[in-house]
Amino acid sequence: MHKPSKNISRLVATTAIAASIFAAQAPNVLAVTQPHPDKELNQEAVKKQLQVEGVQQVENGVKLDLSSDQTAFIRLFSEDMAKISILNDGEEEYFSEAIAKKEWDTPSFDVKEQNGEITLTTNEITVKIKKEPFGIKFLDKKGNVINEDYMKNGSGYDGEKPYVYKKTNENEAFYGFGEQGGLEVNQRGESIGMFNTDAYGYQPNTKYLYTSIPFFIGLKNDKAYGIFFDNTNRSYFEMASESDDYYYFYADDGKLNYYFMYGPEIEDVLDSYTNLTGKIDKPAKWTLGLHQSKWEYSAEDIERVAETYREKNIPIDTMHFDIDYMDEYRVFTWSDKFGSEALHQKLDDMNFHKITINDPAVKKDPGYFMYDEGTANDYWAKNPDGTNFVGKVWPGDSMFPDFSKPEVREWWATKHNILFDKGIDGIWNDMNEPAVFDGPYHTMPLDVTFGEGENKRTHAEYHNLYGHDEAEATYKAFEKYKPNTRPFVLTRDMYAGSQRYAALWTGDNVSEWDHLQMSIPMNTNIGLSGVPFVGNDIGGFAGRPDAEMFARWIEVGAFLPFSRIHYDSDKKAEGEKQGQEPWAFGQEVEDISKKYVEMRYKLMPYLYNTFIDASENGTPVQQPLVYQFQEDENTHNISDQFMFGSSMMLAPVVKQGQTERDVYLPEGETWVDYWTGEEYEGGQTIHTNAQLDHLPIYVKKDSMIPTREVQQYTGEKPLENLVLDTYLDEKATYSFYEDDGATLDYKDGEYNITDLVIQRKGKHIEFKTKKQATGYNTALDSYTLKLNGEAAPKKVQAARAKYNQVTSVEEVKSNQESYFYDEENNSLYVNVPADEKHKIKIFFKGNKRK
Ligand code: GLC
């Protein structure tokens, strides 16, 4: 199955919408910005074959002398991960800034050489290296080939361009690749490019977007592997776009250097990949609340919008300050209105968190401290002749900090007190492609330089790292000024590994149905690229949504890992001025917004725990179905449904006018309709109604979802009663993590982990809790076990003590050792003290479930 390649469509990415949005403001921008033309591989050059002429064992693998006067290293980093490099004479092996862990304990392995093959074997994988011609095969321990070079072309260099060809067949699916357009999650058939691009108003077929993560997952015969091509130059991935027999990846320049990691589960691949490139921090809880933003909110708007949220009791945590807060777009300054004490005090009093945008470009303006200091210290990116590069961004002629230098990152970090002193809690890094309005292809010329001496790099090589290093500098600001606070950096541009420093939003999307639909494959692939903290501007940034579109978008938006409504300046929007806050579309949409945002806040313990999992195992928060169900082939191409954490599956309406849809329920689970309690066996497609206010949600049977009462902002009320929303078949378990959600004290052991187990034992149900860690001084004093779909109980007891039956949900929640049976909904509520030592036993009248 081939999809039209983005290669071709890139050229015709001039779309009506992008053009019309721009028409009023920027008449010279007729198409989505894309970089200079792709370079292709020379088909003759890639046919040449390399031979292995010498083999030498090294500590963790082998060194090979190749016929091309090049050297290859195949190193085992773990039982199931290998690093492959091919180096030109005199070159050293290489680690880019992506790599968080460079030192690996050598796994035990055997090396053999026979029949023209060198074999490296660990307990998990075998690497077979063919000597003539040179080629690599990876096998699992049963001898199944997981991945192998496509021997007609193999790997090597076409001039400066490193390339690798791999064999594939039509059953192989591909995921990951960071931020990609398109409506399909499976990237098979695609031509993918990696060059960070300010693609305002991009479309599904736009090839180059803001972020480059040259990592992907291949899935064939139920087994997954990952390949990370660690090359920061512009790179290309032709994923069976030319033939079903092979795929290949290459870069404009730089080294041939990639990592192979074996699954077989996608989950294992991601764990390895994030061991290599880093995992996200445990997030501050407030960052998981709702955020609201607009380009060109006035200071009064910010205050009024914040107040309206509170008046209408729509939960929210954060207001964003876009570029207008600065003094004529000079970074690290405040204009009087936005800097006013009164405004900040008001927001603080309403318990808002505050985020300011920050752009890299520093106004060329003698007398302005940033310009003066940066110039005096030689901190700017340079033209090839050694003069400072100057290009236009918001403030006009600007300088670009050379973030590749540690002292520049340090300097940049130091300036953040100017923002933090106003009570700013998070920093939003934008325009860090870097975008240059008057530069070729909307960025700097490729021969601009960064670094000095042996660290000197061209813009071509450094481009994809610019945002990564800026994010690191911003992250350092938190370490400097808020040493015991969890940092929050939001960025538009990433390279592999940037998840260590920042969350990602997917730039200037458009208020179009396609964009709502596209957000699902886009985010889930970003999640499969090591970046779980991701979101899209809810309602679309460019253009304006109508009521229906906003309603559908907030239904999805309330479940995004990063949940922010953000929209473009009114100058760019056509027609009447229109807001993009939940109440801007009439009462019905306001109610829908409130319903789903409240649901997010109710699910906060679950969401937070899902993020904890992400921080420990690299698990995506918004997952494509294939992530948990790779054995079920029907999930491989499902792009309009997703898992929100491990237990909840969402099948949103993402098309105009639709009020019903098909939903695929993956095999191997029983699924419960969250709204009706109806149960379905997995492995089938069902059809469901979905009126405007209805988001179809299905919960995996045997899951326990920790929830709490709704708050207007995340720290409003202590968590005293945790409601365990439980869908029991045989046994459900949950390992509940709790800490202060704000500081780094968890690193000193200030956290709790409680194992919760509920099990059907013959005729009764048993619930027990076990404390695994108790370092955090919790306010949690009881659990409300909410058992969905159960019959009325006869009695509930802990050891000999009988629980009292009460008559309402409110009563049960406020009375420990009580229970309530809600007949209408077949739900049983039991309030269990958090320090209950005994098992809770629930006995039933007829010993039958409903
Ligand atoms: C860029 C950002 C957008 C922001 C605008 C003004 O277009 O992507 O989010 O609002 O700049 O700062």
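The shown structure was predicted, so the numbers you read here are calculated from the model rather than taken from an experiment.

1. So, the site of the ligand
Moving on, step 1. Around the ligand, the neighbouring residues are Trp295, Asp322, Ile323, Ile357, Trp394, Trp428, Asp430, Arg492, Trp505, Asp508, Phe541 and His566.
Moving on, step 2. In this structure, Asp508 approaches the ligand through a side-chain N or O atom, which is 2.5 Å from an oxygen atom.
Moving on, step 3. Protein coverage of the free-state accessible area of the ligand, which is 310 Å², stands at 98%.
Moving on, step 4. The class makeup of the residues in the shell around the ligand is 7 nonpolar, 1 polar and 4 charged.

2. Examining the pattern of salt bridges
In a structure, side chains of opposite charge can pair up when their charged atoms sit close to one another.
Moving on, step 1. Taken as a whole, this structure holds 49 salt bridges when the rule is applied.
Moving on, step 2. Between Glu709 and Arg708 there is a salt bridge whose closest N-O contact spans 3.2 Å.
Moving on, step 3. Here Glu709 falls in the partly exposed class, since its relative accessible area comes to 36%.
Moving on, step 4. For Arg708, a relative accessible area of 8% puts it in the buried group.
Moving on, step 5. One salt bridge in this structure joins Lys839 and Glu766, with 3.7 Å as the shortest N-O distance.

3. Examining the sheet that holds strand E43 (residues 731-738)
Moving on, step 1. The 6 strands lie next to each other as E43-E44-E45-E52-E47-E48, forming an open sheet whose pairing is antiparallel. Here the strands that pair on one side only, and so sit at the sheet edges, are E43 and strand E48 (801-802).
Moving on, step 2. Both strand E47 (residues 793-798) and strand E52 (residues 840-844) contribute to a ladder of 5 bridges, which runs antiparallel. In the sheet register, Ala798 faces E52, and the bridge partner there is Ile840.

4. Describing the packing of aromatic side chains
The geometry of two aromatic rings is summed up by the distance between their centres and the angle between their planes.
Moving on, step 1. Counted according to the given criterion, the structure contains 67 aromatic pairs.
Moving on, step 2. Ring geometry for Tyr202 versus Tyr210: centroids 6.1 Å apart, planes at 75 degrees, classification edge-to-face. Of the two residues, Tyr202 and Tyr210, both sit in the buried class.
Moving on, step 3. Put simply, the rings of Phe332, Tyr379, Trp380, Phe403, Trp411, Trp412, Phe450, Tyr462 and Tyr466 touch in pairs and so form one group of aromatic residues.
Moving on, step 4. The side chain of Lys83 reaches across the aromatic face of Phe95, ending 3.8 Å from its centre.

5. A short note on helix H4 (residues 299-311)
Moving on, step 1. Between the first and last C-alpha of H4 there are 18 Å, a value that for 13 residues agrees with the 18 Å anticipated at 1.5 Å per step.
Moving on, step 2. Against strand E19 (290-294), strand E20 (318-321), helix H5 (336-339), helix H6 (341-349) and strand E32 (563-567) lie the buried residues of H4.

6. With respect to the environment of Met350
Moving on, step 1. Of note, Met350 is situated in the loop between H6 and strand E21 (353-358).
Moving on, step 2. According to the relative accessible area criterion, Met350 is buried, its value standing at 15%.
Moving on, step 3. Sequence separation between Met350 and Glu307 is 43 residues, and the spatial gap between their C-alpha atoms is 7.7 Å.
Moving on, step 4. Ignoring sequence-local partners within four residues, the contact set of Met350 consists of Glu303, Ala306, Glu307 and Arg310.

7. Side note on the side chain of Glu581
Moving on, step 1. Mapped onto the elements, Glu581 comes out in the loop between E32 and helix H14 (587-602).
Moving on, step 2. As a buried residue without a salt bridge, Glu581 has its nearest oppositely charged side chain in Arg304, at a separation of 5.8 Å.
Moving on, step 3. The contacts of Glu581, once residues within four sequence positions are left out, are Gln292, Tyr297, Val305, Phe550 and Tyr567.

8. Notes on the packing of H4 against H6
Moving on, step 1. As a packed pair, H4 and H6 sit with axes 10 Å apart at the nearest point and diverge in direction by 15 degrees. It follows from the interaxial angle that H4 and H6 lie roughly parallel. Two packed elements cross with a definite hand, and for H4 against H6 that hand is left-handed. Mapping the contact onto sequence places Ala299, Ile302, Glu303, Ala306 and Glu307 in H4 and Leu343, Lys346 and Leu347 in H6.
Moving on, step 2. In terms of residue class, the contact of H4 with H6 is made up of 5 nonpolar, no polar and 3 charged.

9. Examining a negative patch on the surface
Moving on, step 1. A surface patch of negative charge is lined by Glu53, Asp65, Asp69, Asp89, Glu91 and Glu132.
Moving on, step 2. Along the chain, the position of Asp89 falls in the loop between strand E4 (81-87) and strand E5 (110-114).

10. Quick word on the sheet that holds strand E10 (residues 155-158)
Moving on, step 1. Read from one edge of the open sheet, 5 strands run E10-E11-E17-E16-E13, paired in antiparallel fashion. Looking along the sheet, the strands with just one partner apiece sit at the ends: E10 and strand E13 (191-194). For this sheet the average axis-to-axis angle between neighbouring strands, irrespective of direction, equals 15 degrees.
Moving on, step 2. Alignment of E13 against strand E16 (residues 235-238), held across 4 bridges, turns out to be antiparallel. Counted as the bridge partner of Ile192 is Phe237 from E16.

11. Describing unusual backbone geometry
Moving on, step 1. With an omega of 0 degrees, the peptide bond running from Gly263 to Pro264 counts as cis.
Moving on, step 2. Mapped onto the elements, Pro264 comes out in the loop between strand E18 (256-262) and helix H3 (266-277).
Moving on, step 3. For the bond from Glu433 to Pro434, the omega torsion is 0 degrees, close enough to zero to count as cis.
Moving on, step 4. The backbone phi angle of Asp69 is positive, close to 70 degrees, even though this residue is not glycine.
Moving on, step 5. Mapping Asp69 onto the fold places it in the loop between strand E2 (61-66) and strand E3 (71-78).
Moving on, step 6. Phi at Ala240 is positive, roughly 60 degrees, even though this residue is not glycine.
Moving on, step 7. Looking at the element boundaries, Ala240 is found in the loop between E16 and strand E17 (246-251).

12. Re the nonpolar core
Moving on, step 1. Of all hydrophobic cores here, the largest spans 192 residues; its most connected members are Phe228, Phe559, Met648, Val830 and Ile842.
Moving on, step 2. Element by element, the count of residues in this core is highest for helix H15 (residues 604-617), at 7 residues.
Moving on, step 3. In contact with Ile842, other than residues within four places in its own chain, are His764, Ile765, Leu785, Leu787, Pro793, Lys795, Val796, Leu828 and Val830.

13. Section: the confidence of the model for the chain
Moving on, step 1. Overall, the predicted model of the chain reaches an average pLDDT of 95, with 96% of residues at or above 70.
Moving on, step 2. For residues 1-5, every residue scores under 50 in pLDDT, and the model assigns this stretch 14 contacts once sequence neighbours within four places are set aside.
Moving on, step 3. Counting interchain partners and residues more than four positions distant, the pLDDT-below-50 stretch residues 7-30 has 35 contacts.

14. A few points about the pairing of strand E14 (residues 215-220)
Moving on, step 1. Among the 6 residues in E14, 6 count as buried, and that is most of the element.
Moving on, step 2. Side chains Phe215, Ile217 and Leu219 of E14 all project onto a buried face; the interleaved residues Phe216, Gly218 and Lys220 project onto the opposite face, where all are buried too.
Moving on, step 3. With 4 bridges joining them, strand E12 (residues 173-176) and E14 adopt antiparallel strand pairing. For Tyr175, the partnering residue across the bridge sits in E14 and is Ile217.
Moving on, step 4. Summarising the sheet, E14 and strand E15 (residues 223-229) pair through 6 bridges and their orientation is antiparallel. Each residue of the ladder has a partner; that of Phe216, found in E15, is Ile227.
Moving on, step 5. Two successive antiparallel strands, E14 and E15, enclose a turn made up of 2 residues, where Asn221 displays a positive phi of approximately 45 degrees.

Cut-offs applied
- Residues numbered from 1 in each chain as written.
- Predicted model: local features only at pLDDT ≥ 70, side-chain atom pairs only at ≥ 80, totals over all residues.
- Heavy atoms only, no water.
- Near = heavy atom within 4 Å.
- Polar contact = N/O pair within 3.5 Å; in protein donor to acceptor, adjacent residues only side chain to side chain.
- Areas by Shrake-Rupley, 256 points an atom, 1.4 Å probe, with all protein chains shown as cover.
- Nonpolar A, V, L, I, M, F, W, Y, C, P; charged D, E, K, R; others polar.
- Salt bridge = Lys/Arg side-chain N within 4 Å of Asp/Glu carboxyl O.
- Buried < 20%, exposed > 50% of the residue type's maximum accessible area, 1.4 Å probe, protein only.
- Pairing = 2+ DSSP bridges.
- Helix = DSSP H or I, 4+ residues; strand = E, 2+ residues; numbered from the N terminus.
- Phe/Tyr/Trp six-rings, centres within 6.5 Å; stacked < 30°, edge-to-face > 60°.
- Lys NZ or Arg CZ within 6 Å of the ring centre and 35° of its normal.
- Expected span 1.5 Å × (residues − 1).
- Contact = heavy atoms within 4.5 Å.
- Lys, Arg positive; Asp, Glu negative; His and termini not counted.
- Axes fitted to C-alpha atoms, helices over the stretch in contact; angles between N-to-C directions.
- Parallel < 35°, antiparallel > 145°, perpendicular 65-115°, else oblique.
- Left-handed = near helix turned anticlockwise from the far one by under 90°.
- Patch = residues over 30% accessible without salt bridge, like charges linked within 9 Å, V, L, I, M, F, W, Y side chains within 5 Å.
- Charge placed at Lys NZ, Arg CZ, Asp CG, Glu CD.
- Core = buried A, V, L, I, M, F, W, Y, C linked by side-chain atoms within 4.5 Å.
- pLDDT = per-residue confidence, 0-100.

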